[in-house]
Amino acid sequence: MRLAKYGTGIVCGLLLCAGVLFAQEQKEETNVESEYMQSVEDQVISELANNESRDDKVVALQYLKDAADEGRITPEMMNTLDHLAGEGLTNQSRTGGRITNNYPDIRKQACDILATVKTEESKNSLKVIALNDNEPMVLAAAIRGLGEIGINEGDEVIEAINWAQKRNAALNPTSSMAHEVLVAYEKLADTVENKQPMLEQIAKIAGNNRYNKAVRNKAKALLKKFQEDSSKSTQTGR
């Protein structure tokens, strides 16, 4: 009887071990297959993004948006997003001296996706666009993204936004961009070490009649809010 029981126990143990090993093998096979499929997807997206066709770049962006929405952006996808955000700006194709890949709408969409990936890498990509792009809709998207990501070590992001706003105000004052600048200032305010340059830009927006009334009023309201916050902070410090 005991031998029978021991025999049964041994058989059960062997079956259990076999089951565990089978499950591990299945898991390993699934992981390998998943990694392979991910590698293929990365390659397809990269090839689409690097094709000359604007339509292919649009398809690449849709793949990237889906991946971002599902929280599965890979380092390779980040590189592709960085590439598309600089399409016609930091990476250029030319024919007879003429840039043939200047697609502001592609850059804008790439910036929108980067804004949802709140990492140091996405922040750096958007900062480059904020400092170098001249298209208001692309600048607005980059600045909006920087505000949403919220990383501002050593005021590097605020300085980039200040620069973008100064340049836009001098060359082509655009209410939509100024609005995004104000929103970004508000979101990043708690991270700003030296608020004076930021306050100066807000004051200039408030007093610039080339911006619409809604934007000027928002700038005035933001100035008032910061002044009240500063006053409360001073009183608390006392």
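Computed from a predicted model, the values in this text were never measured in an experiment. (Residues numbered from 1 in each chain as written. Predicted model: local features only at pLDDT ≥ 70, side-chain atom pairs only at ≥ 80, totals over all residues. Heavy atoms only, no water.)

(A) Empty space enclosed by the protein, seen in detail. Under the definition given, this model contains one cavity of 30 Å³ or more. Taken as a whole, the largest cavity spans an internal volume of roughly 30 Å³. Every residue lining the largest cavity is listed: I143, R144, G147, E148, E180, V183, A184 and K187. When residues of the lining of the largest cavity are traced back to their parent elements, those giving at least two are helix 6 (136-149) and helix 8 (175-188). A breakdown of the residues in the lining of the largest cavity according to their chemical character gives three nonpolar, one polar and four charged. (1 Å grid on protein atoms, 1.4 Å probe; cavity = no way out; pocket = protein on both sides within 12 Å on 5 of 7 lines; lining within 4 Å. Points joined across faces, edges and corners; volume = space filled by probe spheres on them. Helix = DSSP H or I, 4+ residues; strand = E, 2+ residues; numbered from the N terminus. Nonpolar A, V, L, I, M, F, W, Y, C, P; charged D, E, K, R; others polar.)

(B) Representation of the side chain of N208 in the model. Structurally, the position occupied by N208 is in the loop between helix 9 (196-206) and helix 10 (213-237). For N208, a relative accessible area of 18% gives the class buried. Engagement of the side chain of N208 in a polar contact is seen with the backbone nitrogen of R210, the distance being 2.9 Å. (Buried < 20%, exposed > 50% of the residue type's maximum accessible area, 1.4 Å probe, protein only. Polar contact = N/O pair within 3.5 Å; in protein donor to acceptor, adjacent residues only side chain to side chain.)

(C) Spotlight on the side chain of Q201. If you trace the backbone, Q201 turns up in helix 9. Discounting residues that sit within four places of it in the chain, Q201 has contacts with N162, Q165, K166 and Y185. (Contact = heavy atoms within 4.5 Å.)

(D) Representation of unusual backbone geometry in the model. Despite not being glycine, D155 shows a phi value in the positive range, around 65°. Structurally, D155 is set in the loop between helix 6 and helix 7 (156-171).

(E) Quick look at the pattern of salt bridges. Here the structure, examined in full by the defined rule, presents 15 salt bridges. Between D133 and R107 there is a salt bridge; the shortest N-O distance is 2.7 Å. With a gap of 26 residues between them, D133 in the loop between helix 5 (120-132) and helix 6 and R107 in helix 4 (residues 104-116) connect regions that are remote in the sequence. Just as D133 is buried, R107 falls in that class too. Close ionic contact of K123 with E120 constitutes a salt bridge, the shortest N to O distance being 2.7 Å. Residue K123 and its partner E120 are both found in helix 5; the two are separated by three residues, about one turn of the helix. Through salt bridges that share partners, K108, D112, R144 and E180 make up one connected network. (Salt bridge = Lys/Arg side-chain N within 4 Å of Asp/Glu carboxyl O.)

(F) Highlighting the environment of V138. The topology assignment puts V138 in helix 6. Taking the relative accessible area as the measure of exposure, V138 reaches 0% and is therefore buried. Considered as a pair, V138 and I106 are 32 residues apart in the sequence and their alpha carbons are 9.0 Å apart. Residues within four places of V138 in sequence aside, it is in contact with P104, R107, K108, C111, I129 and D133.

(G) Highlighting the confidence of the model for the protein. Mean pLDDT over the protein works out to 87, with 82% of the residues at or above the 70 mark. Summarising per-element confidence for the protein, the mean pLDDT is lowest in helix 1 (residues 2-50) (63) and highest in helix 4 (97). (pLDDT = per-residue confidence, 0-100.)

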